[in-house]
Amino acid sequence: MASNNGSVGGKISAEKKPSGGGRKALGESNLPSRRKLTAPPLKTSATLYEGFEKMGKKQNKEQVPPPAEPPNKKSSSSKMTKKPQNSTAQTPAGHKNLEEAIKALDIGDLKQQLARSQMLFPENPSVWVKDLAGYLNVKLTAPETEPTLSSYTHDYPYCITGKELRGVIKGLMGRCSDLLPDFFDHCVYTMLRELDRHTGEPLHGYRICIQAVLQDKPRIATQNLAEYLELLRSVQNRPVKCLTIMWALGQAGFYDLSQGLRVWLGIMLPVLGVKALSSYAIAYLERLLILHANLIKGFGIMGPKEFFPLLDFAFMPKNALSSSLQGQLRRLYPRLKVLAFGAKPESTLHTYLPSFLSRATPHCPDDMKRELLSSMMECLCVDVQSLGVWRQLYTKHLPQSSLLLNHLLKSWKVLPPKLRKNLEETVQSFKVTNEEMKDTVESQDLQECNNLCQNLQVKMRGHGFPWSRLLMVLLVFAAGFVTHDIRSHGSFTDSVTATYLRSSGMTAVSQQAWNKITVYSKQGFSWLETNTPYYYSESVRVLGPLLEKGVEKAKSAAILISENTTQLILWVKETTPLLIEWVNTNTPDNVFQMLAYLKELLLLLHQNYIVPALAYLSELLQRAWTSLQESCNGEVSVSCLQAHALSFTNSTWQLLQQTTQAIKTWTQELLTRA
């Protein structure tokens, strides 16, 4: 049951040779082979649905099932020539929109027509599904806005068909599951045939069937992408037909991210530079990535071959994309990059480094240069094999290597320690290569690479002047000096430090500052004593109801969390024994043997190393305590500990004085020599 204007969709010959179902039946029903999608259109033949209409109009009793006699083929041909005139008269009145057309659809009549088709052709299921598509396309005569339906949801028009109609469609397709790949091709090819007729006939019936097929079996759309690409290129001067093909194949992606990426990379990426098709291609990609927030199912589809054309489209200026489309693609680029790098970037990124490096020329655009340098840094940090790949490419990419070395030098402080360590061997290798090339090649790039390698080696060997350590030593020295000064003079007031502070005026300034702090603190406390009750009452008046509501909501949330937690605990209690049983059942015996060996190893370490070490440590502590008692004449007291601490402090102070004197003498000798 195809369109009344003689479309290929759902058409079967009224005079047809007996044949089996499957792909052969679709081929006999004017569907081109899946390997020959670009074949010229075949002659049309009457559908079962149209045959029944003709029988009612002409009131004849001609047999509908196809006989095998050749003379009837001629009569069939004569009927085909007259069919377009009759079909025009049979076209039902159009509806304002598709929703009205679906509401007006008689589901009972549809079931009756499908039952009659199955009764007349019980061994040819291809006729059933084609009659379904043809019937829907004839009855759903609402105007069509544009071929991509971009202003609607991704599953329009299938989403508005209603539960009963969807049940009829799914039930019939479930009985013809082996024929769905050919039926999909049939729907697409028939839509293209209808577009050739320029009759303006809507194609809602075929669109609904395409979406119904791909919703359950999205892989069907990617079985013959090469043939569809050839077909797309053959009609490249007909944008409406191209967009129709892209829309039909793209429906698979809304139900399976991996299939959607295959369709986009195989069909839409090759025509991304075509002005009439670029907008829909990028809009489809954006809708696909928004619909599938979890990108895990898309890993492994995109590789370097597909990724780098996207990078060029996104960052290269003056390419086939307009500035707005390029900006839209650039916003999608980070997610495409995640898809390209995949689930294990630590083992795949080295395959991307050569293409990144070859594009990082000194004259490439700034945005692209930043992206390339950032990506190469990621390759070097994540995949250790990237350094080996870079060493192999170094001599043929000196300007690009110079840029990357300079970027590493500028970013040295933020480089991961692991990358710093791994770079030592690579930079040394570059130094050796530079020395070997110096006699044969004289270029500025080689000289720059050599200088950058030297600077990187300096960074690797030295860590700069230790200012923090010097400051710490000075603070410790100053604290020790002040402590010794106070202890030597008996009090802080009589110490040299206090005398210096008084003579320099710092004591007076400190006292003045302390007095001001005291005054302002008293004023602040006084203000708080006066105003705190008022502001507290205002806060209670304003915030009290809000806090009460908050407390009620918190109680409700606590009750909800408690209930959910209780259910979770019960679930854990129920599933834990099952999990333990499953682990015991599925765990190899080697794992239990390994655990037994590990237990024996821990016991061995405890008996032979940990216990003796603890005993030795206890003996050392006992000896230290005995020696401390002997030094204190047999009794450890506070005065004895103070004497030991004082002795240690004096010895430390003497050491500091001697060190300071030695440094002073050494400095004076240097100045005398100068």
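Criteria and thresholds
- Sequence order as written defines the numbering, with residues in each chain counted from 1.
- A pLDDT threshold of at least 70 governs which residues receive local features in this predicted model, and a stricter bar of 80 or more applies before side-chain atom pairs are shown or counted, although totals over entire chains, interfaces and linings include all residues.
- Excluding hydrogens and water, the side-chain figures rest on all heavy atoms present in the structure.
- Only the stretch in contact is used when fitting a helix axis, every axis being a line fitted to C-alpha atoms; angles between N-to-C directions are given from 0 to 180 degrees.
- Think of it this way: any DSSP run of H or I at least four residues long counts as a helix, any run of E at least two long counts as a strand, and we number them from the N terminus.
- Comment on the angle field: the value is read as roughly parallel under 35 degrees, roughly antiparallel over 145, roughly perpendicular from 65 to 115, and oblique elsewhere.
- Residues count as neighbours in contact if any of their non-hydrogen atoms are within 4.5 Å of one another.
- Any residue that is not Ala, Val, Leu, Ile, Met, Phe, Trp, Tyr, Cys, Pro, Asp, Glu, Lys or Arg is counted as polar, Gly included; the first ten are nonpolar and the last four charged.
- The criterion is simple. A nonpolar core is a set of buried Ala, Val, Leu, Ile, Met, Phe, Trp, Tyr and Cys residues joined through side-chain atoms within 4.5 Å.
- When accessible area is computed with a 1.4 Å probe and restricted to protein chains, residues below 20% of their type maximum are described as buried, those above 50% as exposed, and intermediate ones as partly exposed.
- Cavity and pocket criteria rest on a 1 Å grid covering protein atoms alone: a 1.4 Å probe that fits but cannot get out defines a cavity, protein on both sides within 12 Å along at least 5 of 7 lines defines an open pocket, and an atom within 4 Å of a point defines a lining residue.
- Grid points are joined across faces, edges and corners, and a volume is the space filled by probe spheres set on the points.
- Aromatic pairing here means that ring centres of Phe, Tyr or Trp (its six-membered ring) are within 6.5 Å. Orientation follows from the plane angle: under 30 degrees is stacked, over 60 is edge-to-face, and everything else is tilted.

A. Layout of the packing of helix H18 (residues 385-393) against helix H20 (residues 417-438). Two elements in contact, H18 and H20, have axes separated by 10 Å at closest approach and are oriented at 5°. Considering their axes alone, H18 and H20 lie roughly parallel with respect to each other. Contacts between H18 and H20 involve Leu-387, Trp-390 and Arg-391 from the former and Asn-422, Leu-423, Thr-426, Ser-429 and Phe-430 from the latter. Partitioned by chemical class, the residues of the contact of H18 with H20 number four nonpolar, three polar and one charged.

B. Geometry of the nonpolar core. By size, the foremost hydrophobic cluster in this structure holds 134 residues, and its most contacted members are Phe-184, Trp-264, Phe-356 and Trp-390. If sequence neighbours within four positions are ignored, Trp-390 has contacts with Leu-353, Leu-357, Leu-380, Ser-401, Leu-404, Leu-405, Leu-408, Leu-423, Thr-426 and Phe-430.

C. Quick look at the layout of surface pockets. Taken as a whole, the second largest pocket encloses approximately 260 Å³ of empty space. As for the second largest pocket, its lining consists of 17 residues, of which Glu-144, Leu-195, Gly-200, Glu-201 and Leu-203 are closest to the centre. When residues of the lining of the second largest pocket are traced back to their parent elements, those giving at least two are helix H8 (180-197) and helix H11 (239-250). Each residue belonging to the lining of the second largest pocket can be placed in one class, and the counts come to seven nonpolar, five polar and five charged.

D. Region of interest: the packing of aromatic side chains. One pass over the full model with this rule turns up 17 aromatic pairs. Their ring planes at 75° and their centres at 6.2 Å tell us that Phe-307 and Phe-356 sit as a pair that is edge-to-face. Remark: Phe-356 occurs in helix H16 (residues 353-359) and Phe-307 occurs in helix H14 (residues 304-315); sequence separation between them is 49 residues. In this pair, the class of Phe-307 matches that of Phe-356, namely buried. With 5.2 Å between their ring centres and 70° between their planes, Phe-341 and Tyr-352 make a pair best called edge-to-face. Residue Phe-341 is located in helix H15 (residues 323-341), and its partner Tyr-352 is located in the loop between H15 and H16; the two are separated by eleven residues in the primary sequence. You'll find Phe-341 and Tyr-352 in the same group, each marked buried.

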